[in-house]
Amino acid sequence: MTAIVVGEKEDDIAEALTVARQAGDVAVLAFGDSSPQALAEYGHKVYHLTASDPESVFTALRKLYDDLKPLLVVAPTTKNLKDALSRLAGIYDIPMATEVYDVKVGQGSVSYRRGFLSGRAIESDEAPMPAVLLLAAHKNPKASKAGQKAEVVELQTAQGRVKSVERMPKQKGGTNIEAAEIIVSAGRGFRSKEDLKLAFDLADVLGAQIGCSRPIAADLKWLSEDHWVGLSGHKVAPKLYIAIGISGAPQHLAGITDAKLVVAINNDKSAPIFKNCDYGVVADLYQFVPLLTKRLKERLKR
Ligand SMILES: Cc1cc2nc3c(=O)[nH]c(=O)nc-3n(C[C@H](O)[C@H](O)[C@H](O)COP(=O)(O)OP(=O)(O)OC[C@H]3O[C@@H](n4cnc5c(N)ncnc54)[C@H](O)[C@@H]3O)c2cc1C
């Protein structure tokens, strides 16, 4: 049996390897900024692609899939990989599931749990193999490295059917909030765009990324959509999520179900966010946040 692991970040690939190793031989398709030499230390042959756009990843994966005929393709659940891997699953008419964990490979089938309704509910599934599994973030243990390095094969980027005509940096943002370890998130409790400085100052002290609720990005356009957390925004999994002036609507909460620790600051003690946080501070953000930033600054200086 063979499995293919697809990914860019070493941590994601290490988690996918634990799942894929159950299927037997594993090949790794690593793309973009990944370090193929570091990945080779896990003991599986690494096919490395410098490009990272979904079209190039799909084209390389399709070729590898045809060559190896794997029983499993395992990857992290990211937007780009959902795009590339759903095309593969569609073309070969094989099952695909996202946000999976607790994977067990059996004879001819694979069982797993997965979050659905944006992680607010869990289901247990069994699917025939071959299958494509995109893993939930941080819910699968990481594989250990092997004693020796495996072979690395550099792949040429093959021209897919979609051609990139032009690429340009985004004007704002550049934020990868899905990967952030600490997020300071702003909601409608802020009265103006200028006032967001309070959140930025706190984020600065904590080395955090800035997140926001939908109205801040979609309606008021005070921040770019890179920062938008929730059902229709980004699903995040930080170690610490600080929600400031956010009421805690179900659509916002859907984006933070994987946050390890949620702290809410809100001046309305009946705000729903207080039923969905680990620590709640009932306070006016305009008084509390500058004070918190000041205290943290003092403490971190010591
Ligand atoms: C299909 C659909 C998809 C959606 N997707 C998303 C999504 O992905 N993400 C998302 O966030 N929303 C989403 N929404 C919108 C969601 O329903 C809420 O409207 C939104 O989350 C509310 O944002 P908010 O908490 O910032 O604002 P509000 O609900 O207006 O809350 C503001 C909070 O700030 C508090 N506050 C006010 N002044 C202060 C102060 N001085 N100090 C401290 N606290 C203060 C208030 O008590 C209040 O709780 C979606 C809605 C729909 C219908």
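Residues numbered from 1 in each chain as written. Predicted model: local features only at pLDDT ≥ 70, side-chain atom pairs only at ≥ 80, totals over all residues.

How should the nonpolar core be read in this particular structure?
One broad trend across soluble globular proteins is that nonpolar side chains are buried collectively. Counting 50 residues, the largest nonpolar core has Val 5, Ala 20, Val 28, Leu 29, Leu 72, Val 74 and Leu 133 as its most contacted members. For this core, the leading source of residues is strand β2 (residues 25–31), giving 6 residues. Apart from the residues within four sequence positions on either side, Val 28 is in contact with Val 5, Ile 13, Leu 39, His 44, Val 46 and Tyr 47. The next biggest cluster of nonpolar side chains, apart from the first, holds 37 residues, and it includes Ile 177, Leu 198, Ile 256 and Leu 292. (Core = buried A, V, L, I, M, F, W, Y, C linked by C-beta atoms within 7 Å. Buried ≥ 20, exposed ≤ 12 C-beta atoms within 10 Å, placed from the backbone. Helix = DSSP H or I, 4+ residues; strand = E, 2+ residues; numbered from the N terminus. Contact = placed C-beta atoms within 7 Å.)

Honestly, the sheet that holds strand β9 (residues 152–155) in this entry has me stumped. Any pointers?
Adjacent strands of a sheet pair through backbone hydrogen bonds, lying either parallel or antiparallel. In space, the 9 strands of this open sheet follow the order β7-β6-β5-β8-β4-β1-β2-β3-β9, with mixed pairing throughout. On the outer flanks of this sheet lie β7 (121–128) and β9, each paired with one strand and no other. Put simply, the sheet's adjacent strands are angled 30° from each other on average, direction ignored. Direction of pairing for strand β5 (residues 96–105) relative to strand β8 (residues 131–135): parallel, over a ladder of 3 bridges. Bridging from a neighbouring strand, Val 100 pairs with Leu 135 of β8. Strands β1 (2–7), β2, β3 (45–49), β4 (72–76) and β9 of the sheet are contacted by helix α3 (residues 54–68), whose axis makes an angle of about 165° with β2. (Pairing = 2+ DSSP bridges. Axes fitted to C-alpha atoms, helices over the stretch in contact; angles between N-to-C directions.)

Would you mind going over the domain arrangement of the chain with me for this structure?
It is common to report an interface's size as the accessible area lost on association of the parts. Partitioning the chain into structural domains gives domain 1 (2–155) and domain 2 (177–301). Using C-alpha coordinates to define each centre, domain 1 is positioned 32 Å away from domain 2. Every contact between the two is made by 5 residues of domain 1 and, on the other side, 6 residues of domain 2. In the side of domain 1 that touches domain 2, the residues fall into 1 nonpolar, 3 polar and 1 charged. (Domains from an automatic or database assignment. Nonpolar A, V, L, I, M, F, W, Y, C, P; charged D, E, K, R; others polar.)

What is the right way to look at the environment of Ala 249 in this model?
Turning to its location among the elements, Ala 249 is positioned in the loop between β12 (240–244) and α7 (250–253). The spatial distance from the C-alpha of Ala 249 to the C-alpha of Ala 136 is 23 Å, given a sequence separation of 113 residues.

I tried to follow the site of the ligand on my own but got confused; where do I start?
In the neighbourhood of the ligand, 26 residues make up the surrounding shell, with Gly 187, Arg 188, Gly 189, Ser 213 and Gly 230 lying closest. Of all the secondary structure elements, the ones that give two or more residues to the shell around the ligand are α6 (214–219), α7, β13 (261–266) and α8 (285–301). (Near = placed C-beta within 6 Å.)

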